[in-house]
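Results of the structural survey
Residue strings, one per chain:
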Amino acid sequence: MPKNTWSLLTPPNMGAIAIIQIVGDVQPVLCKLTNRSTWKHGNLYLVDIDGIDEVLAVQIDDRLAQVMPHGGVHILRKLTERFEELDVVEIDEPQFPEAGDSIEAQMLAVLAVADSPLAVELLLSQPAKLLGASCSQTDATRSQTLNHLITPPKVVLLGSPNTGKSTLMNALTKQDTSIVHDLPGATRDAVGARINCGGLVLDLFDLPGFRDSEDAIEQEAISIAKNIAKEAT
């Protein structure tokens, strides 16, 4: 294991703020990374990182720190380069030294990338529920269903042309995501958007209306739409 590691705790490119966790001999890393020379455990500081970004940073203890920059692709790329210069190695699976056991560590790892707000309370309750418990078939089925709170299910709008699929899509996304027209076949391509539906995050797709058509382009679009529909969860 490298002396110092970093990992992204938030889903990539999904939020305005990212959370980066640093594990190892963290104080020297923080001092080199920022313009601040003194760090007190638990204090949150607003600091500048070499002109890359102004971030919030906290040293949690001797071995753990978190940095919270803006979540844009450009900033994360620059921070990745800066960590490489400091010999801080990126790891795919975050470490959670603060976890009391492996179950809590797994919960924290999943919590970091869960997309649906409804998943938060569920995940926080898991360590207490699972500690020393056996898994029944009912629990396994329920767990599979609740995985949709962690990974957004794919939902598709299917139907004949001019039945209101695109209108429904625009209503759910609260913007003009799909073209709406009286003429059938206005939707030629699958249009997708990620929406929050009462705390459950969905990947929603508006598909072309299924019909017989002599238009080769429309038929190809319908064929692609059928493949997308097969992947719906």
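Below you will find a few notes about this structure.

Within the fold, N170 resides in helix 6 (residues 165–173). The spatial distance from the C-alpha of N170 to the C-alpha of A193 is 10.0 Å, given a sequence separation of 23 residues.

Let us now look at a negative patch on the surface. A cluster of like negative charges, contributed by E81, E84, E90, D92 and E93, occupies part of the molecular surface. Mapped onto the secondary structure, D92 falls in the loop between strand 6 (89–90) and helix 3 (102–113). Given the relative accessible area of 76%, D92 is considered exposed.

To continue, consider the nonpolar core. The biggest cluster of nonpolar side chains holds 22 residues, and the ones touching the most others in it are I20, I22, L33, V67 and F83. Taken together, the elements giving at least two residues each to this core come down to strand 2 (20–23), helix 1 (26–33), strand 3 (44–49), strand 4 (53–61), strand 5 (64–68) and helix 2 (73–85). The residues touching I20, leaving out its near neighbours within four places in the chain, are W6, S7, L8, A65, Q66, V67, P69, L76, L79 and F83. In this structure, M107, A114, A119 and I150 belong to the second largest nonpolar core, which totals eleven residues.

What follows covers the pattern of salt bridges. Opposite charge on two side chains lets them pair, provided their charged atoms get close. With the rule as written, the count across this model stands at three salt bridges. Among the ionic pairs, R82 bridges to E85, the shortest N-O distance being 3.0 Å. Remark: E85 and R82 occur in helix 2; sequence separation between them is three residues, near one turn of the helix. R82 gets classed as buried once you look at its relative accessible area, which sits at 14%.

Inspection of the secondary structure puts D48 in strand 3. We classify D48 as partly exposed; its relative accessible area is 29%. Leaving out residues up to four positions away in the same chain, D48 has contacts with L33, T34, N35, D53 and E54. Among the polar contacts listed, one links the side chain of D48 to the backbone nitrogen of D50, at a separation of 3.5 Å. A distance of 2.9 Å separates a polar atom in the side chain of D48 from the backbone nitrogen of G51.

Within the secondary structure layout, D203 lies in strand 9 (residues 200–206). Here the side chain of D203 touches R194 through a polar contact of 2.7 Å, side chain to side chain. Not counting residues up to four positions away in its chain, the partners in contact with D203 are P152, P153, K154, V155, A193 and R194.

The six strands lie next to each other as 3-4-5-2-1-6, forming an open sheet whose pairing is mixed. Of all strands in the sheet, those with a lone pairing partner are strand 3 and strand 6, marking the two edges. Taken together, the five bridges between strand 4 and strand 5 define a ladder with antiparallel strand orientation. For V58, the partnering residue across the bridge sits in strand 5 and is Q66. Taken strand by strand, helix 2 contacts strand 1 (5–8), strand 2, strand 3, strand 4 and strand 6, and its axis lies near 10 degrees from that of strand 2.

Note on strand geometry: in a regular strand, side chains alternate between the two faces of the sheet. In this structure, strand 3 lies alongside strand 4, joined through six bridges in antiparallel fashion. Across the sheet, residue V47 finds its bridge partner in strand 4, namely V55. Turn length for the strand 3-strand 4 hairpin, with the two strands adjacent in sequence and antiparallel, is three residues, and the turn residue D50 shows positive phi of about 45 degrees.

What counts, and at which threshold
Residues numbered from 1 in each chain as written. Predicted model: local features only at pLDDT ≥ 70, side-chain atom pairs only at ≥ 80, totals over all residues. Heavy atoms only, no water. Helix = DSSP H or I, 4+ residues; strand = E, 2+ residues; numbered from the N terminus. Patch = residues over 30% accessible without salt bridge, like charges linked within 9 Å, V, L, I, M, F, W, Y side chains within 5 Å. Areas by Shrake-Rupley, 256 points an atom, 1.4 Å probe, with all protein chains shown as cover. Salt bridge = Lys/Arg side-chain N within 4 Å of Asp/Glu carboxyl O. Lys, Arg positive; Asp, Glu negative; His and termini not counted. Charge placed at Lys NZ, Arg CZ, Asp CG, Glu CD. Buried < 20%, exposed > 50% of the residue type's maximum accessible area, 1.4 Å probe, protein only. Core = buried A, V, L, I, M, F, W, Y, C linked by side-chain atoms within 4.5 Å. Contact = heavy atoms within 4.5 Å. Polar contact = N/O pair within 3.5 Å; in protein donor to acceptor, adjacent residues only side chain to side chain. Pairing = 2+ DSSP bridges. Axes fitted to C-alpha atoms, helices over the stretch in contact; angles between N-to-C directions.

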